[in-house]
Amino acid sequence: MNARSIVALAILALLAMLASSSLYIVNETQRAIRLQFGEVVESDIQPGLHIKVPVYNTVRLFDTRLQTLDGSPSRYLTGDRKGVIVDSFVQWKIVDVTRYYEATAGDEQASMRLIAPRVDESLRNEFGRRTLGEIVSEQRDELMSRPIEELNLALRDSMGVAIFDIRVKQIDLPSEVSNSVYERMRTERQREAREYRAQGQEQSERIRAAVDRGREVILATAERDADILRGEGDAEATGIYARAYNQDRELYSFLRSMEAYRATFNSKQDILVVSPKSDFFRYLDNAKGSK
């Protein structure tokens with residue numbers, strides 16, 4: 001290889017190095033700024049292939065995808081002076097790369113240190129506005145709407161960061177508060193149980209009284225109908241007896257006497273002494289004479 005070839009290769013290598021240091025690529029998930037001796041000369045560089053002046057310019061790339069900051073559980077005081085332990089996380093993204101760079105120098109850890117205290121302060125204020133009952137009963141989205149709005153406006157201006165969501169993963173009560181809340185809830189449930197029991201007893205007594213009244217009415221009606229039927233039956237029986245008696249009074253008297261004797265003497269050891277002048281013998285004599 002002669003000297004001319006070596007020089008050509010050196011020139012090509014130099015040109016390749018110059019091109020590689022002059023060109024840079026911004027991906028779809030990134031935005032970039034171009035610096036000139038530490039000063040921003042071009043901001044919000046869009047995805048694509050771009051040119052810079054080697055050594056003279058420096059390019060910083062920033063990830064503009066949604067980021068998650070998972071904070072440690074914090075203790076807040078509610079509006080009714082109850083302590084709660086809140087575990088939450090924040091979703092945010094860079095919307096102004098120049099402002100973000102000026103606030104954090106492009107250091108992600110520095111951005112976390114700036115965002116976390118602001119979120120903690122906003123949540124502390126929001127929980128301080130509400131009672132424990134409101135915090136437990138209300139929807140989490142409604143609870144977080146004000147902190148999201150306030151932080152989004154503040155951090156856009158100060159850091160070029162947008163807050164998209166703040167989620168509460170869990171709300172716990174300290175042990176001393178949990179015991180007092182449990183006792184209060186148990187007392188409240190016992191009071192409600194007593195009220196429901198008293199209402200049930202009162203309702204039961206009203207139902208029982210109504211049933212008793214209905215039973216008395218039914219029994220009285222049945223007794224009245226039975227008396228009417230019994231009276232009608234007795235009247236009809238009396239009529240039948242009267243008609244039979246008028247057809248043959250002596251026979252009827254005799255049969256009545258026989259029935260009386262049968263009812264009186266129901267054992268073989270019973271003895272009846274009858275006078276020959278009694279109606280029984282007189283009836284028998286009349287019966288023989290008629291033959």
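Thresholds applied
Residues numbered from 1 in each chain as written. Predicted model: local features only at pLDDT ≥ 70, side-chain atom pairs only at ≥ 80, totals over all residues. Heavy atoms only, no water. Pairing = 2+ DSSP bridges. Helix = DSSP H or I, 4+ residues; strand = E, 2+ residues; numbered from the N terminus. Axes fitted to C-alpha atoms, helices over the stretch in contact; angles between N-to-C directions. Contact = heavy atoms within 4.5 Å. Parallel < 35°, antiparallel > 145°, perpendicular 65-115°, else oblique. Nonpolar A, V, L, I, M, F, W, Y, C, P; charged D, E, K, R; others polar. Expected span 1.5 Å × (residues − 1). Buried < 20%, exposed > 50% of the residue type's maximum accessible area, 1.4 Å probe, protein only. Polar contact = N/O pair within 3.5 Å; in protein donor to acceptor, adjacent residues only side chain to side chain. Salt bridge = Lys/Arg side-chain N within 4 Å of Asp/Glu carboxyl O. Phe/Tyr/Trp six-rings, centres within 6.5 Å; stacked < 30°, edge-to-face > 60°. Patch = residues over 30% accessible without salt bridge, like charges linked within 9 Å, V, L, I, M, F, W, Y side chains within 5 Å. Areas by Shrake-Rupley, 256 points an atom, 1.4 Å probe, with all protein chains shown as cover. Core = buried A, V, L, I, M, F, W, Y, C linked by side-chain atoms within 4.5 Å.

Caption draft 1: Expanded view of the sheet that holds strand S2 (residues 30-36). Ordered by their spatial adjacency, three strands build an open sheet running S3-S2-S5, and the pairing between neighbours is antiparallel. One side of each edge strand has no neighbouring strand; the edge strands of this open sheet are strand S3 (39-45) and strand S5 (57-63). Across the sheet, the mean angle from the axis of one strand to that of its neighbour is 20°, orientation sign disregarded. Bridging between S2 and S3 involves four bridges; their strand directions are antiparallel. Paired with Gln 36 across the two strands is Glu 39, which belongs to S3. Contacts from helix H2 (residues 97-104) reach S2, S3 and S5, with the element oriented near 65° to S2.

Caption draft 2: View of the packing of H2 against helix H3 (residues 108-129). Look at H2 against H3: their axes get within 9 Å of each other, and the N-to-C directions meet at 85°. By the angle between their axes, H2 is roughly perpendicular relative to H3. Contacts from Tyr 100, Ala 103 and Thr 104 of H2 reach H3 at Glu 108, Ala 110, Ser 111 and Leu 114. The residue makeup of the contact of H2 with H3, split by class, is four nonpolar, two polar and one charged.

Caption draft 3: Quick peek at H3. Over its 22 residues, H3 extends 32 Å from the first C-alpha to the last, a length consistent with the 32 Å expected when each residue adds 1.5 Å. Taken residue by residue, H3 has Ala 110, Ser 111, Met 112, Ile 115, Val 119, Ser 122, Leu 123, Glu 126 and Phe 127 as its buried positions. Between the side-chain oxygen at the start of H3 and the backbone nitrogen of Gln 109 there is a gap of 3.1 Å, and the oxygen is on Asp 107.

Caption draft 4: Geometry of the pattern of salt bridges. One pass over the full model with this rule turns up 16 salt bridges. The salt bridge partner of Asp 165 is Arg 167, with a shortest N-O separation of 2.5 Å. Judged by its relative accessible area of 36%, Arg 167 falls in the partly exposed class. When the shortest N-O distance is used, the salt bridge between Asp 225 and Arg 224 registers 3.2 Å. Salt bridges here are not isolated pairs; linked through shared partners, they connect Glu 126, Arg 129, Arg 130 and Arg 146.

Caption draft 5: Quick look at the packing of aromatic side chains. A full pass over the atoms with the stated rule returns five aromatic pairs. Their ring planes at 90° and their centres at 5.1 Å tell us that Phe 37 and Tyr 56 sit as a pair that is edge-to-face. Of this pair, Phe 37 sits in the loop between S2 and S3 while Tyr 56 is found in the loop between strand S4 (48-51) and S5, placing the two residues 19 residues apart along the sequence. Of the aromatic side chains, those joined through ring pairs into one cluster are Phe 62, Trp 92, Tyr 100 and Tyr 101.

Caption draft 6: Local environment of a nonpolar patch on the surface. A contiguous nonpolar surface patch, about 430 Å² in accessible area, is contributed by Leu 23, Ile 25, Leu 49 and Ile 51. Where the nonpolar patch is concerned, the elements lending two or more residues are strand S1 (23-26) and S4. Position of Leu 49 relative to the elements: it lies in strand S4. A relative accessible area of 59% places Leu 49 in the exposed class.

Caption draft 7: Expanded view of the nonpolar core. Ranked by internal contacts, the top residues of the largest apolar core, which has 30 residues, are Trp 92, Ile 115, Phe 127, Met 144, Val 161, Ile 163 and Ile 166. Mapped by element, the contributors of at least two residues to this core are S2, strand S8 (83-94), H2, H3, helix H4 (132-137), helix H5 (140-159) and strand S9 (161-172). In this structure, Ile 115 is in contact with Leu 69, Trp 92, Leu 155, Met 159 and Val 161, ignoring residues within four places of it in sequence. In this structure, Tyr 24, Ala 32, Ile 45 and Val 59 belong to the second largest nonpolar core, which totals five residues.

All we've got here are geometric facts, nothing functional implied.
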